[in-house]
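Topology and contacts: notes
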Amino acid sequence: MFLLGNGLPVRQSSSPSGYVAAPKASKFSLLLFRHRQMLEQLFDMDLVMKARTVREFDKQFTSVMFGYPTIDDYYEDASPCRKLKSVGIPVLCLNSVDDVFSPGHAIPVEAAKQNANVALVLTSCGGHIGFLEGIWPRKCTYMDRVFKQFVQAVFEHGNKIFSM
């Protein structure tokens, strides 16, 4: 994940309008409602349940749960954008540009280009967990195959990669 949606309506291409409220779409609210009594001791559950964007949900729940003083502090810490320059070993980043949590506009393509250790693979579609295949995805998926090829290349050609 690179940058998060920052409160923009969540883009989801399968939605007729193209935009959905993230907590409602992902059933976060239903999961939280089931445990509301316990969670009310830690969170303002009325505000959590009213969240209609990823940013609103993260502000009221996720950042509080992990002890961040502000939502911006949480997003800053969750994003590896500023950390890419210090990656010292080969790393493969696989992301779909239609991922609702790390959308295409938030992917640090230029920062990745500045570090020879970072390989960035972007697909046009796939969503957040869109690299699964089949009705019951239990076998090797696209993601598995890509990572296997990458690791194999690192081991077989590592000396060439590290001397670049």
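Below is a summary of the structure that appears in this document.

**Regarding the packing of aromatic side chains**
Centre-to-centre distance and the angle between the planes together describe a pair of aromatic rings. Applying the stated criterion across every chain, the model contains four aromatic pairs. When the ring of Tyr74 is compared with that of Tyr75, the centres are 5.6 Å apart and the planes differ by 40 degrees; the resulting orientation is tilted. Residue class for Tyr75 comes out buried when judged on its relative accessible area of 6%. In textbook terms, an aromatic cluster arises when at least three aromatic residues are bridged by ring pairs, as seen for Phe43, Phe57 and Phe61.

**Section: the packing of helix 5 (residues 54-65) against helix 6 (residues 71-78)**
When two helices pack together, their arrangement is captured by the angle between the axes and the distance separating the axes. It is at 9 Å that the axes of helix 5 and helix 6 come closest, and there the two elements cross at 95 degrees. With respect to each other, helix 5 and helix 6 are oriented roughly perpendicular. Contact residues: Val54, Arg55, Asp58, Lys59, Thr62 and Ser63 in helix 5; Ile71, Asp72, Tyr74 and Tyr75 in helix 6. When grouped by side-chain class, the residues that make up the contact of helix 5 with helix 6 number four nonpolar, two polar and four charged.

**Topic: the pattern of salt bridges**
All chains considered together, the criterion is met by three salt bridges. For Arg55, the salt bridge goes to Asp72, with nearest N and O atoms at 2.8 Å. Taken together, the residues span a long stretch of sequence, with Arg55 in helix 5 and Asp72 in helix 6 at a distance of 17 residues. Judged by relative accessible area, Asp72 falls into the partly exposed class, the value being 48%. For the salt bridge of Arg82 with Glu76, the shortest nitrogen-to-oxygen distance reads 3.1 Å. The partly exposed category is assigned to Glu76, whose relative accessible area is 41%.

**Description of the pairing of strand 3 (residues 91-96)**
Side-chain direction in a regular strand flips from residue to residue, so the side chains alternate between the two faces of the sheet. Most of strand 3 sits out of view: five of its six residues are buried. Bridging between strand 3 and strand 4 (residues 118-123) involves six bridges; their strand directions are parallel. Among the inter-strand pairings, Leu92 is bridged to a residue of strand 4, identified as Ala119.

**Things to note about the nonpolar core**
Of all hydrophobic cores here, the largest spans nine residues; its members are Leu32, Leu39, Phe43, Met45, Val48, Met49, Ala51, Phe57 and Phe61. Elements represented by at least two residues in this core include exactly helix 4 (45-50) and helix 5. Counting residues per element, this core draws most heavily on helix 4, which supplies three residues. Non-local contacts of Val48, meaning those with residues more than four positions away in its chain, are made with Leu32, Phe43, Phe57, Gln60 and Phe61.

Basis of the calculations
Residues numbered from 1 in each chain as written. Predicted model: local features only at pLDDT ≥ 70, side-chain atom pairs only at ≥ 80, totals over all residues. Heavy atoms only, no water. Phe/Tyr/Trp six-rings, centres within 6.5 Å; stacked < 30°, edge-to-face > 60°. Buried < 20%, exposed > 50% of the residue type's maximum accessible area, 1.4 Å probe, protein only. Axes fitted to C-alpha atoms, helices over the stretch in contact; angles between N-to-C directions. Helix = DSSP H or I, 4+ residues; strand = E, 2+ residues; numbered from the N terminus. Parallel < 35°, antiparallel > 145°, perpendicular 65-115°, else oblique. Contact = heavy atoms within 4.5 Å. Nonpolar A, V, L, I, M, F, W, Y, C, P; charged D, E, K, R; others polar. Salt bridge = Lys/Arg side-chain N within 4 Å of Asp/Glu carboxyl O. Pairing = 2+ DSSP bridges. Core = buried A, V, L, I, M, F, W, Y, C linked by side-chain atoms within 4.5 Å.

Purely spatial values, then, with no claim about function.
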